[in-house]
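Okay, here's what each chain looks like letter by letter:
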Amino acid sequence: MNQIVSVGTSHHVAPIEFREKLAFSEEQLIEFLQQLRESDQVQEAVILSTCNRVEVYALANSVRNADAAAKMLVECLSRYHQVSVESLKRGCYLHKNLETIQHLFRVISSLDSMVVGESQILGQVKTAYDLSRSAGGVGTVLNRLFTKAFSVGKRIRSETTITSGAVSISYAAVELAKKIFNTLEGKTVAIIGAGEMSELTAKHLVANGVSNVLVTNRTYERAVKVAERFNGTPLAYDSDLGFLVDADIVISSTNAPDYLIKRQPLVDIMRKRKRRYMFLIDIAVPRDIDPDVSKIDHAFLYNIDDLEAVVASNLKDRQQEAVRAEQIVSEEAKRFYNQLQTFQVNPTIKALHQQFREIADTELQACFYKATLSDQQETAVASMAQAIIKKLLHHPMQNLRCAVNDGDVDHAQYVQALQELFALDVSDDNSEL
Amino acid sequence: MNFLFLLTVLIYLAASIFQALFLTTGARTGASTLRPKISFIALWNTIVGFVLLTCFLGLWWLQQGHFPMTQWTHSIAFFAWAITLIYLVIVRLTDLRALGSFVVPVAFIAILVSYSFLTDVSTLPEPLQNYWLLAHTALIFLAYAAFIAAFGFGLMYLIEERKIRKKTDSLFDNLLPSLGISDELGYRCTILGVILLTMGVIVGSLWTQYIRDVPWRWLDAKVISTFATWFIYVVQIGFRRFWGWHGHRAAYAAIVGFAAVLCTYVGVDLFLDSMHTYR
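Residues numbered from 1 in each chain as written. Chains lettered and ligands numbered in written order. Predicted model: local features only at pLDDT ≥ 70, side-chain atom pairs only at ≥ 80, totals over all residues.

A. Quick peek at helix 7 (residues 221-243) of chain B. The first and last C-alpha atoms of helix 7 of chain B sit 32 Å apart over 23 residues, in line with the 33 Å expected at 1.5 Å per residue. Along helix 7 of chain B, the positions that sit buried rather than exposed are Val223, Ser225, Thr226, Thr229, Trp230, Ile232, Tyr233 and Gln236 of chain B. (Helix = DSSP H or I, 4+ residues; strand = E, 2+ residues; numbered from the N terminus. Expected span 1.5 Å × (residues − 1). Buried ≥ 20, exposed ≤ 12 C-beta atoms within 10 Å, placed from the backbone.)

In structure tokens, the structure reads:
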């Protein structure tokens, strides 16, 4: 009976110092897969190595219990990375069968990620899977498992809203801008005080269609440098801020101790721009923009706290949605586990049937040879043999299937016992999978 | 027949309820699976209601042998029809279903009133029953419907602006269109309404040239009120073009305009004596 096990570590359980010791580069990954396969105990394996997690998923070969398989995996890891087994046991989690499936589904749905709902992990798992497959690590069981996992990941992203709502300040600014303007195409963003944050926000805005970038800074050289990055226009710093007439979105993040943008000058500017909407983002502390500005028609002001509140509320919403996502994960994991077991039991059942049939056939031939029977009699005897096989196998088969379905009894033991008692030759051919 | 009309009213009621539900599924949890279904039901209820209503208008037309505008109960049913038509056209063009939450209930109230007072008495003098009637009334009612759509966009604008200013949690429901879109589409609806209304008034004034048997006077309450409505919208467009009065000013103007439309359509009929009154 095959066992799916996984050993891994993530930002939840171990610090970066530990995770980096276990990380795999692409070449190492292929090498380690090779070693695992040569060890003859692992039939299939997929390795996932990202900055937040290192995980090995493996299908152990004919190992009677999952613990032994897991132990073997830990030993392999310990040997490969020169990390003691004890520290591995401390810094890693171990999952077996249903737990493994559930864990993979959670990972791929980003429920285990640092930011719930992030979308990168799906691609990372896909890459890891493709890599392991091209290295020959993937067979029918893991193929089935990962294919299912991708579909669960997609299902959760479409049926819940864990991916919606901006969870970073810069994205929140973009989403807000989209709530104000009918389109961001052709809009102009003005950056006052070129800092990291304002640059990042501008980057997202440009990616969403904003076409003109104006940059002004106390030191002109810096403005030129930042403007170059966006194909924008650097402007010499000018305290009357005349360029705001052209700006639809203003991002301010200077170190100025006082307000740079005050109400009355902005009223005039708004009049000059025919009261077209202006979205002002003040990410400076102390603030650059007079809060009274938000009383001007068609000027919308958000400061760093407002944006952070938006992010916090979105994160809270994601957490709520995560509860629903967890339910979907555990349903899907259980269903998949049952399917997998049924499929794994099938070869044994088939072999048993075949063995009985072969015995019956041989005996029938012998019987027909010894006694001369009419056609009618031969048919009757043959069908009696069939009926006996059917009745004999009825209870064992029924109980085996029950064991698979309710999961109380360890059906792996049943399967093992059947194989040994009847000397069944179940070659691990999972071709039906 | 009466039963079928009641059914139409009920379908409109259901459409209104689902449109309202659509707006109130704002809480994000679970909304992503529920909302498309609600939106689907609301839209199809509206479409089925619209088709049934079209059938009824056609039926009345056949029964009476002229455009069914000679009873005010019929006219208000046509009003509901025009609102639904404009809404469905906008949904077809822009997929902004949230608008329905504001205009479908208006259509429902109109058709409910129509149902409640439905009679068989024609009150329009025989000489007026011709194609002039069709052109004149249809144009004006379509103009009203466009103004109601503009009103819907105005309301959506004001709600959304309030949400952005108050920085409330439910900011990212993605239900209402952005300020820019509400503003722009509201403006387009207003322009459409003014064009239709102008055409309707011109047709009406030409029509007076052909009336022989009915005495006509220009200082009619309906006529004056219509001009007042027309004036409100034209001034609004002018201010917008020349002084940048868009955004919430335009939204408030759309609401004032809507009030004027109601006064012209309902108020004059109820409280003032007019050539246009159904009696």
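B. View of the domain arrangement of chain B. Residues and elements named next belong to chain B. Domain boundaries assigned for chain B yield domain 1 (1-122) and domain 2 (124-279). If you look at the interface, domain 1 gives 25 residues, while domain 2 gives 25 residues. Listed by contribution, the elements that provide at least two residues to the side of domain 1 that touches domain 2 are helix 3 (72-94) and helix 4 (100-116). Of the residues forming the side of domain 1 that touches domain 2, the biggest block, 11 residues, is contributed by helix 3. Its residues assigned to classes, the side of domain 1 that touches domain 2 shows 18 nonpolar, seven polar and no charged. (Domains from an automatic or database assignment. Contact = placed C-beta atoms within 7 Å. Nonpolar A, V, L, I, M, F, W, Y, C, P; charged D, E, K, R; others polar.)

C. Focus on the sheet that holds strand 9 (residues 278-282) of chain A. Residues and elements named next belong to chain A. Strand order in the open sheet formed by six strands is 7-6-5-8-9-10, with parallel pairing between adjacent strands. In the strand order of this sheet, the two ends are held by strand 7 (233-236) and strand 10 (299-303), each with one partner. Sheet twist, expressed as the average angle between the axes of neighbouring strands with direction ignored, equals 20 degrees. On the sheet, helix 12 (residues 304-370) packs against strand 9 and strand 10 and is oriented at approximately 75 degrees with respect to strand 10. (Pairing = 2+ DSSP bridges. Axes fitted to C-alpha atoms, helices over the stretch in contact; angles between N-to-C directions.)

D. Geometry of the interface of chain A and chain B. Each partner contributes to the interface: chain A provides 26 residues, whereas chain B provides 21 residues. Put simply, the parts of the chain that give the side of chain A that touches chain B at least two residues each are helix 8 (169-180) and helix 12 of chain A. Among the elements that take part in the side of chain A that touches chain B, helix 12 of chain A stands out by supplying nine residues, more than any other. The class makeup of the residues in the side of chain A that touches chain B is six nonpolar, nine polar and 11 charged.

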